[in-house]
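# What the coordinates show
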Amino acid sequence: MTQRFVSLWFRHLRTDWFTLRRPALGRIPFVLTTPEHGRIVITAANALAKARGITIGMPAADARAVLPGLEVLDDIPDLPARLLTAIAGWSIRFTPLAAIDQPDGLMLDVSGCTHLWGGDYDYLKDIVTRLKAKGYDVRAAMAGTIGTAWAVARYGKTVPIIGNGEEAAALSSLPPAALRLDRPTLDRLQKLGLYQAGQFLHMPRASLRRRFSPDLLVRIDQALGRMEEPMTAVYPPEAFLERLPCLEPILTLTGIQIGLQRLLDMLCHHLQQEGKGLRTAIFKGYRVDGKIEQVDIGTNRPTHNTTHLFRLFEEKLGSIEPDLGIELFTLEAPKVEGLSPLQESLWENTSALENPTVSELLDRLTGKLGAGTIHRYLPDEHHWPERSIRHATEITEMPATSWPTNRPRPAQLLSRPEPIEVAAPIPDYPPLHFRYKGLLHKIAKADGPERIEREWWLDQGPHRDYYCVEDDEGQRYWLFRSGHYTAEKPPQWYIHGFFA
């Protein structure tokens, strides 16, 4: 695939943002300032202020002397990074790969994207038109290398679309600063009378190496495509991500369902080829007004069954509000796991939790009731009751030990034992009755005690003597006495569970 890059340069990024929030600022010259070494220095100026001779780095007092009516506002230190990150997220409708180009630009890897807009020109025009409509003064250029796109966006005077292989011709008439060189190199080039990049682009490399820093050759090679230049995306795309641009904005639920079905078909086909199934999926709709609508699902085991996945999403599609229309759909699978055809065939003949029908039923119930409403517990290797069970991380996770069957255990175990008032003979007899939450329970039957020692390697404290008791209404409870009975200090009794 032929590589293509777009460089976006926001000439007045910070002041544009202030103007968007206070439209009146668009009609007057104003600057942003910050304290620096005991002075208030200008960090940004809008176009009207620059046209009156205000420059970046000028003390605010001097600027007011030059332009008495100048509006001065406090700058926000991290504003450029926040704005560029937000715009990079917005630009995913054009490409999944967008990188911040500090301090006032973005770099987009648009390889293989432009044909969806009818070509490079319409693609670039759409980006610029939309950003300008949002209120940003932006210049853009497209080229086969990052370096050339950056140079033409900031210094180009002609067509901003450079064909692959035309980089040298496009750079020849531009100043050396277009190659992103450091200040000492630029000063040396100026002293030698080299005012255009074309005057030294094709000089012998040995001569350039002797007279200038290695950075000059690196920047030339990057701009001409001789050396690859890395680009770190703000939002690295998932390995399993599908995109579906819309020719016309989608306004109806039917249109959303059709887009989802197409994306599921593409994603599941990709997963099947890789021998994987998804565990989580996120469906996003990028609206015309810049907002993003999304719904997500999760599954109990890996799957690439499009019918099942569509049903899970279908429960939530009603929450998507298209407003003026959705122009791009994406479907990504952040979590995937291995799933071979052999596993699928084996699951068809299994039962219980490994049965895909059961797993899919649990997926649908979770989608309707919400995450965290369905739990599965496994036995854990602890004697202390509240530590003897744990949540299963997977529906098919096998227990490390078996459930105890030699002693009765309650169907419902309280997470923390609750104190009760008890009347009991001494020393090891079960209670005659107990009071819990204001109600008196007379005990008709009892079994015990079962002594459970505290796990000394985890904590210290008294042992517990447990009793299974049944009251006169037939309700069964799990009670215990904490520690030994002493005449000086009667032990405290607790309720810890309820039998079915």
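Analysis parameters
Here the residue numbering is sequential within each chain, running from 1 through the sequence in written order. Restriction of local features to residues with pLDDT of at least 70 applies here, the model being predicted, together with a cutoff of 80 or more for giving and counting side-chain atom pairs; totals for whole chains, interfaces and linings are based on all residues. Values shown for side chains rest on all heavy atoms present in the structure; no hydrogens or waters enter the calculation. Note on aromatic pairs: the rings of Phe, Tyr and Trp (six-membered ring only in Trp) are paired at centre separations within 6.5 Å, and the planes decide the class, stacked below 30 degrees, edge-to-face beyond 60, tilted for the rest. We count a stretch as a helix when DSSP gives it H or I for four or more residues in a row; a strand needs E for two or more, and each element gets its number in order from the N terminus. Burial status follows relative accessibility: with a 1.4 Å probe on protein chains alone, a residue under 20% of its type maximum counts as buried, one over 50% as exposed, and anything between as partly exposed. Candidate patch residues must exceed 30% relative accessible area and have no salt bridge, after which like charges are joined if within 9 Å and Val, Leu, Ile, Met, Phe, Trp or Tyr side chains if within 5 Å. Methods summary: accessible areas were calculated by the Shrake-Rupley approach with a probe of 1.4 Å, and residue burial reflects only the protein chains presented. Salt bridges are defined as contacts in which a side-chain nitrogen from Lys or Arg sits within 4 Å of a carboxyl oxygen from Asp or Glu. A residue's pLDDT is the predictor's confidence in that residue, given on a scale from 0 to 100. It only takes one pair of heavy atoms within 4.5 Å for two residues to be counted as in contact. Should DSSP find at least two bridges between two strands, the strands are regarded as paired. Axes here refer to lines fitted to C-alpha atoms; in helices the fit is confined to the stretch in contact. Angles between the N-to-C directions go from 0 to 180 degrees. Roughly parallel means an angle under 35 degrees; roughly antiparallel, over 145; roughly perpendicular, 65 to 115; everything else is oblique. Each residue is assigned to one of three groups, with Ala, Val, Leu, Ile, Met, Phe, Trp, Tyr, Cys and Pro labelled nonpolar, Asp, Glu, Lys and Arg labelled charged, and all others, Gly among them, labelled polar. To define a nonpolar core, start from buried Ala, Val, Leu, Ile, Met, Phe, Trp, Tyr and Cys residues and group those joined through side-chain atoms within 4.5 Å.

The next subject is the packing of aromatic side chains. In this structure the tally under the stated criterion is 17 aromatic pairs. Between Phe-434 and Tyr-477 the ring centres are 5.4 Å apart and the planes differ by 80 degrees, which places this aromatic pair in the edge-to-face class. One end of the pair, Phe-434, is in strand S15 (residues 433-436); the other, Tyr-477, is in strand S18 (residues 476-482), and 43 residues separate them in sequence. In this pair, the class of Phe-434 matches that of Tyr-477, namely buried.

Moving on, we get to a nonpolar patch on the surface. There is a patch of nonpolar side chains on the surface, built from Leu-361, Leu-365, Leu-369 and Ile-374 and spanning about 330 Å² of accessible area. Structurally, Ile-374 can be placed in the loop between helix H14 (356-369) and strand S12 (377-379). Exposure remark for Ile-374: the relative accessible area of 35% places this residue in the partly exposed category.

Before going further, it helps to examine the confidence of the model for the chain. Summing up the model confidence of the chain, the mean pLDDT is 88 and the portion of residues at 70 or higher is 95%. With pLDDT under 50 throughout, residues 345-349 is counted as low confidence; its partners more than four residues away or in other chains account for 6 contacts.

Taking strand neighbours around the barrel as the criterion, the 6 strands line up as S14-S15-S16-S17-S18-S19 in a closed arrangement whose pairing is antiparallel. Sheet twist, expressed as the mean angle between neighbouring strand axes with direction ignored, is 45 degrees.

This next bit is on the pairing of strand S16 (residues 439-452). In this structure, S15 lies alongside S16, joined through 4 bridges in antiparallel fashion. Within S16, the residue paired with His-433 across the bridge is Lys-442. Between S15 and the antiparallel strand that follows it, S16, lie 2 residues; Lys-437 among them carries a positive phi value of about 55 degrees. Direction of pairing for S16 relative to strand S17 (residues 464-471): antiparallel, over a ladder of 7 bridges. Within the sheet, the bridge partner assigned to Ile-452 lies in S17 and is Arg-464.

Before going further, it helps to examine the environment of Phe-313. Along the chain, Phe-313 falls in helix H12 (residues 306-314). The exposure class assigned to Phe-313 is buried, which follows from its relative accessible area of 0%. Along the primary structure Phe-313 and Ala-281 are separated by 32 residues, whereas in three dimensions their C-alpha atoms are 9.3 Å apart. Sequence-distant contacts of Phe-313, defined by excluding residues within four places in its chain, comprise Leu-260, Leu-264, Ala-281, Ile-282, Phe-283, Val-295, Asp-296, Ile-297 and Leu-331.

The next thing to look at is the packing of helix H1 (residues 13-21) against helix H4 (residues 79-90). With their axes 10 Å apart at the nearest point, H1 and H4 run at an angle of 80 degrees to one another. Considered as vectors, H1 and H4 are oriented roughly perpendicular to each other. Contacts from Leu-13, Arg-14, Trp-17 and Phe-18 of H1 reach H4 at Leu-79, Pro-80, Leu-83, Leu-84 and Ile-87. Taken together, the residues that form the contact of H1 with H4 break down as 8 nonpolar, no polar and 1 charged.

Turning our eyes to something else, we now look at the nonpolar core. Considering soluble globular proteins, one finds that nonpolar side chains tend to be buried as a cluster. Core analysis: the biggest nonpolar cluster contains 32 residues, and Val-6, Leu-8, Phe-10, Phe-18, Ile-87, Tyr-123 and Leu-131 have the highest contact counts within it. Those elements that place two or more of their residues in this core are strand S1 (5-10), H1, strand S2 (30-36), H4, strand S6 (105-109), helix H5 (120-133) and strand S7 (138-143). The element that contributes the greatest number of residues to this core is H4, accounting for 6 residues. Setting aside chain neighbours within four positions, we find Val-6 in contact with Leu-106, Met-107, Leu-108, Val-110, Tyr-123, Leu-124, Ala-141 and Met-142. Counting residues in hydrophobic clusters, the runner-up holds 26 residues, among them Phe-240, Leu-244, Leu-271 and Leu-312.

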